[in-house]
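One letter stands for each residue in the lines below.
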Amino acid sequence: MEEGHLLMSRKERLRKSVVERVASGELMQVEGASLLAISARQMKRICRRYRLEGDAGLVHRGRGRCSSRRKPEGLRNEILARYGAVYKGLGPTLAAEKLAAEGLVVDHETLRRWLMAEGRWQRHRKRGPHRERRPPKEHFGELLQLDGSHHPWYGPDHPRNCLMSMVDDATGHTMTLMAEQETTEAAMRLLQRWIECHGVPKALYTDRKNVYLPERPPTLEEQLAGEEPMTAFGKACKKLGILIIPANSPQAKGRVERKHGVYQDRLCHELRLRHITTIEETNRLLHEEFDESLNRKFARAPRAKRDFHRPFPPHTDLRDIFCYEHTRVLANDWTVSYNGLVLQVLKLNSPLPRPKAKITVRQWLDGTLHLLYRDRPLVFSLLPEPPPRQPDPPRPPKAPRPRTKPRYNHPWRARAATMHAKK
């Protein structure tokens, strides 16, 4: 923290928005604690610090300080070396007991974290516990279930399309979008419509499809920065402070799965009666009347009256959040390459980035491109594509080389004669 400036993380800014609502009387402290996933006592302490110190009271007190219970680096290296030399392959619990008998005392969970950081131990999955049916959430906007339903919506003679459905867990309020497939763009457009209508929800409950959660391991840059790999949809949710909760089975998100059955029954008949066979007309029907009619029939009031939706930050363009974001390196001629296009950064930018600087390329859902340098937009122009390279003219076939007979005094003949004489 510098003098005159207050540095806050995204989590602390989210906490600030909730504490302000508690201070204004819009939320109770217990509800604010549930929204932040903390205890009521911790929420009470945070509100007291906010009243006494303002925004500075929300900054974590341990920032920049090492833990007072941190093991010395020499002891850590000694324990890991002893484990690799003698106890390699033992589980962390058993290895901690063996090391304690030698005077190297360390908790088994601490040893487990050290071994996992060194790549010497892999987390083992345990058998899942007995599960009971989960009751619905109490507040509107506390949890949304998101999923896609692939179905021949226009009849067996038409291709299968995907209906993206977003269902509020507390009320059953539904919003849908028809698309060709369950893609990142379809999920972004549906979530953007929900935010524009109701606000930013607290969490999303999705499956493990690569639209929501990545299947690739972290890159070297992500490992050095200590970041987890994320999809484009995950990056948009992180900017808004939305938690993505993955479901381990379709039954876990049964509310949206059951809603698919309702739409596969009622929407298919409605499309057939209205002779609708295109995605554009289907979305117009869903947005204007069909979703609202089903919500009036099946939606219910939440058990708690408080709304857990948060307004998205002011002066924020949601198109800058729901977009595809990539990092590129500025070339020596102040150009950036992206998807086969060459973008020329103009000289009138102030400040003008230096070559080799990292430029952020944002592609909105409508296809427009935007360049940013240190979160500031850059003015650029699109260079024309170079003419396609003409293929080289075909070369004439080479004439076959005539077979030549070695002369009588060729060295090859002399070697052959010498070997024949030795035999």
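Above this text you will find the structure in question.
Residues numbered from 1 in each chain as written. Predicted model: local features only at pLDDT ≥ 70, side-chain atom pairs only at ≥ 80, totals over all residues. Heavy atoms only, no water.

### Re the packing of helix α7 (residues 184–198) against helix α9 (residues 232–240)
Part 1 of the argument: Packing of α7 against α9 brings their axes to within 9 Å, and their N-to-C directions diverge by 20 degrees. The angle between the axes of α7 and α9 places the two elements in the roughly parallel class. Where α7 approaches α9, its residues T184, A187, M188, L191 and I195 are matched on the opposing element by A232, F233, C237 and L240.
Part 2 of the argument: Looking at the contact of α7 with α9, its residues break down into eight nonpolar, one polar and no charged. (Axes fitted to C-alpha atoms, helices over the stretch in contact; angles between N-to-C directions. Helix = DSSP H or I, 4+ residues; strand = E, 2+ residues; numbered from the N terminus. Parallel < 35°, antiparallel > 145°, perpendicular 65-115°, else oblique. Contact = heavy atoms within 4.5 Å. Nonpolar A, V, L, I, M, F, W, Y, C, P; charged D, E, K, R; others polar.)

### So, the nonpolar core
Part 1 of the argument: The biggest cluster of nonpolar side chains holds 31 residues, and the ones touching the most others in it are L146, M164, L191, I195, F233, I242 and F322.
Part 2 of the argument: Of all the secondary-structure elements, those providing two or more residues to this core are β1 (144–151), β2 (161–168), β3 (174–179), α7 and α9.
Part 3 of the argument: If you tally residues by element for this core, the top one is α7, at seven residues.
Part 4 of the argument: The residues contacting L191, other than those within four sequence positions of it, are M166, P201, L204, F233, C237, I242 and F322.
Part 5 of the argument: Formed by 15 residues, the second largest nonpolar core is a distinct cluster that contains V22, L35, L36 and I46. (Core = buried A, V, L, I, M, F, W, Y, C linked by side-chain atoms within 4.5 Å. Buried < 20%, exposed > 50% of the residue type's maximum accessible area, 1.4 Å probe, protein only.)

### Concerning helix α11 (residues 279–298)
Side chains three or four residues apart in an α-helix point the same way, a direct result of the helix having 3.6 residues per turn.
Part 1 of the argument: Between its first and last C-alpha, α11 extends only 25 Å over 20 residues, short of the 28 Å set by a 1.5 Å rise per residue.
Part 2 of the argument: Listed in full, the buried residues belonging to α11 are I279, T282, N283, L285, L286, F290, D291, L294 and N295.
Part 3 of the argument: In this structure, the buried side of α11 is in contact with β2, β3 and α10 (254–273). (Expected span 1.5 Å × (residues − 1).)

### Re helix α5 (residues 92–101)
Part 1 of the argument: Considered for burial, the residues of α5 that qualify are P92, A95, A96 and L99. All buried residues of α5 lie within an arc of 105 degrees about the axis, which places them on one face of the element. Summarising the geometry of α5, the exposed residues directed more than 90 degrees from the buried face are E97 and A101.
Part 2 of the argument: In this structure, the buried side of α5 is in contact with α4 (73–85) and α6 (108–118).
Part 3 of the argument: Backbone geometry just downstream of α5 places G103 in the positive-phi region, at approximately 95 degrees. (Arc of directions from axis to C-beta.)

### Overview of the packing of helix α1 (residues 10–23) against helix α2 (residues 29–36)
Part 1 of the argument: Interhelical geometry of α1 versus α2 gives an angle of 165 degrees and a closest axis separation of 9 Å. Judged by the angle between their axes, α1 and α2 are roughly antiparallel. For the pair α1 and α2, the crossing hand works out as right-handed. Where α1 approaches α2, its residues L14, R15, V18, R21 and V22 are matched on the opposing element by Q29, G32, L35 and L36.
Part 2 of the argument: Grouping the amino acids of the contact of α1 with α2 by side-chain chemistry returns five nonpolar, two polar and two charged. (Left-handed = near helix turned anticlockwise from the far one by under 90°.)

### Quick word on the pattern of salt bridges
Part 1 of the argument: All chains considered together, the criterion is met by 17 salt bridges.
Part 2 of the argument: Across the pair R274 and E270 runs a salt bridge whose closest N-O atoms are separated by 2.8 Å.
Part 3 of the argument: Using a relative accessible area of 38% as the deciding quantity, one classes R274 as partly exposed.
Part 4 of the argument: A single network of salt bridges, built from pairs that share partners, joins K239, D320, E325 and R362. (Salt bridge = Lys/Arg side-chain N within 4 Å of Asp/Glu carboxyl O.)

### Considerations on the packing of aromatic side chains
Part 1 of the argument: The final tally for this structure, using the stated rule, is three aromatic pairs.
Part 2 of the argument: With 6.3 Å between their ring centres and 55 degrees between their planes, F140 and W194 make a pair best called tilted. Of this pair, F140 sits in the loop between α6 and β1 while W194 sits in helix α7, placing them 54 residues apart in sequence. Pair check on accessibility: F140 and W194 agree, each one buried.
Part 3 of the argument: Summarising the aromatic geometry, the rings of Y212 and F233 are spaced 5.5 Å apart at their centres and angled 80 degrees between planes, so their arrangement reads as edge-to-face. Here the residue Y212 occupies a position in the loop between β4 (203–206) and α8 (220–225), and F233 occupies one in helix α9, the gap between them amounting to 21 residues. No difference in accessibility class separates Y212 from F233, as the two residues are buried. (Phe/Tyr/Trp six-rings, centres within 6.5 Å; stacked < 30°, edge-to-face > 60°.)

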